[in-house]
Amino acid sequence: MPEAPRTPERPGSADEQAAALIAALTGRGETVAAAESLTAGLVCATLARVPGASAALRGGLVVYATELKTALAGVDAALLAEHGAVHPEVAAQLAEGARERCGATWGLGLTGVAGPAAQDGVAPGTVYVGLAGPGTRPPRGASFVTVRTLALRGDREMIRTESVRAAFSLLGEHLT
């Protein structure tokens, strides 16, 4: 029986994406770490299910509480005070913090609202996924950060799962 069509943005399940990422990272001799708020460790747990993940997964920071975003991931406290925990720059700083603090080639940062209620005026399903990684242009060793904004629908579990898949897609785009 043929496989159902998939959208190019997010092919396969999160487990399939994780396996592909671990293979790609291992093949390149690179590593990944994550600082997770709304996913509370689901990114790292999904990657760790892949046999051989230890070759590429450095670790992660679960920063569910706002003050831990600063204490563990190095997010600017003034940014959090001004904009709250659900903001694109918070996702960028989470990604950078994960990369730096875990000594990884790539860092993922996720923040958002899984619901069911709004948080600080931000609607459920609003998610920001940050990616920090090595630059491809001089100066050598310079890094880059990008953030993807998501507007997801569904219950808490669906929003969290789709956030993981979006993070994997974003990283995968930069590994090809």
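Small disclaimer: the values here were computed from a predicted structure and weren't measured.

### Some remarks on the packing of aromatic side chains
Part 1: Here the structure, examined in full by the defined rule, presents one aromatic pair.
Part 2: Ring geometry for Trp106 versus Phe144: centroids 6.1 Å apart, planes at 80°, classification edge-to-face. Of this pair, Trp106 sits in strand β3 (residues 106–112) while Phe144 sits in strand β5 (residues 143–151), placing them 38 residues apart in sequence.
Part 3: For Phe144, a relative accessible area of 23% gives the class partly exposed.

### Remarks on the sheet that holds strand β4 (residues 126–134)
Part 1: What the five strands build is an open sheet, ordered β2-β1-β3-β4-β5; its pairing is mixed. Either end of the sheet is taken by a strand with one partner, and the two such strands are β2 (57–62) and β5. Each strand of the sheet is rotated relative to its neighbour by a mean of 15°, with strand direction disregarded.
Part 2: This element, helix α5 (residues 88–102), spans β1 (32–36), β2, β3, β4 and β5 of the sheet and lies at about 145° to β3.

### Some points on the state of the cysteines
Part 1: Counted according to the given criterion, the structure contains zero disulfides.
Part 2: Lacking any disulfide linkage, Cys44 is separated from the closest cysteine sulfur, that of Cys102, by 7.6 Å.
Part 3: On the basis of relative accessibility, which here comes to 13%, the residue Cys44 falls in the buried class.

### A short note on the environment of Gln17
Part 1: Here Gln17 is to be found in helix α1 (residues 14–28).
Part 2: Assessed through its relative accessible area of 8%, Gln17 is described here as buried.

### Some remarks on the environment of Ser163
Part 1: Turning to its location among the elements, Ser163 is positioned in helix α6 (residues 156–175).
Part 2: For Ser163, a relative accessible area of 0% corresponds to the buried category.
Part 3: The spatial distance from the C-alpha of Ser163 to the C-alpha of Leu152 is 8.4 Å, given a sequence separation of eleven residues.
Part 4: Excluding anything up to four places from it in sequence, Ser163 contacts Leu38, Thr39, Leu110, Val127, Val129, Leu150 and Leu152.

### Observations concerning the packing of α1 against α6
Part 1: Relative orientation of the contacting elements α1 and α6 amounts to 30°, with a least axis distance of 10 Å. Judged by the angle between their axes, α1 and α6 are roughly parallel. For the element pair α1 and α6, the recorded crossing hand is left-handed. Packed against α1, whose contacting residues are Ala14, Gln17, Ala18, Leu21, Ala24, Leu25 and Arg28, the element α6 presents Val164, Arg165, Phe168, Ser169, Leu171, Gly172, His174 and Leu175 at the interface.

Cut-offs used in this document
- Residues numbered from 1 in each chain as written.
- Predicted model: local features only at pLDDT ≥ 70, side-chain atom pairs only at ≥ 80, totals over all residues.
- Heavy atoms only, no water.
- Phe/Tyr/Trp six-rings, centres within 6.5 Å; stacked < 30°, edge-to-face > 60°.
- Helix = DSSP H or I, 4+ residues; strand = E, 2+ residues; numbered from the N terminus.
- Buried < 20%, exposed > 50% of the residue type's maximum accessible area, 1.4 Å probe, protein only.
- Pairing = 2+ DSSP bridges.
- Axes fitted to C-alpha atoms, helices over the stretch in contact; angles between N-to-C directions.
- Contact = heavy atoms within 4.5 Å.
- Disulfide = S-S within 2.5 Å.
- Parallel < 35°, antiparallel > 145°, perpendicular 65-115°, else oblique.
- Left-handed = near helix turned anticlockwise from the far one by under 90°.

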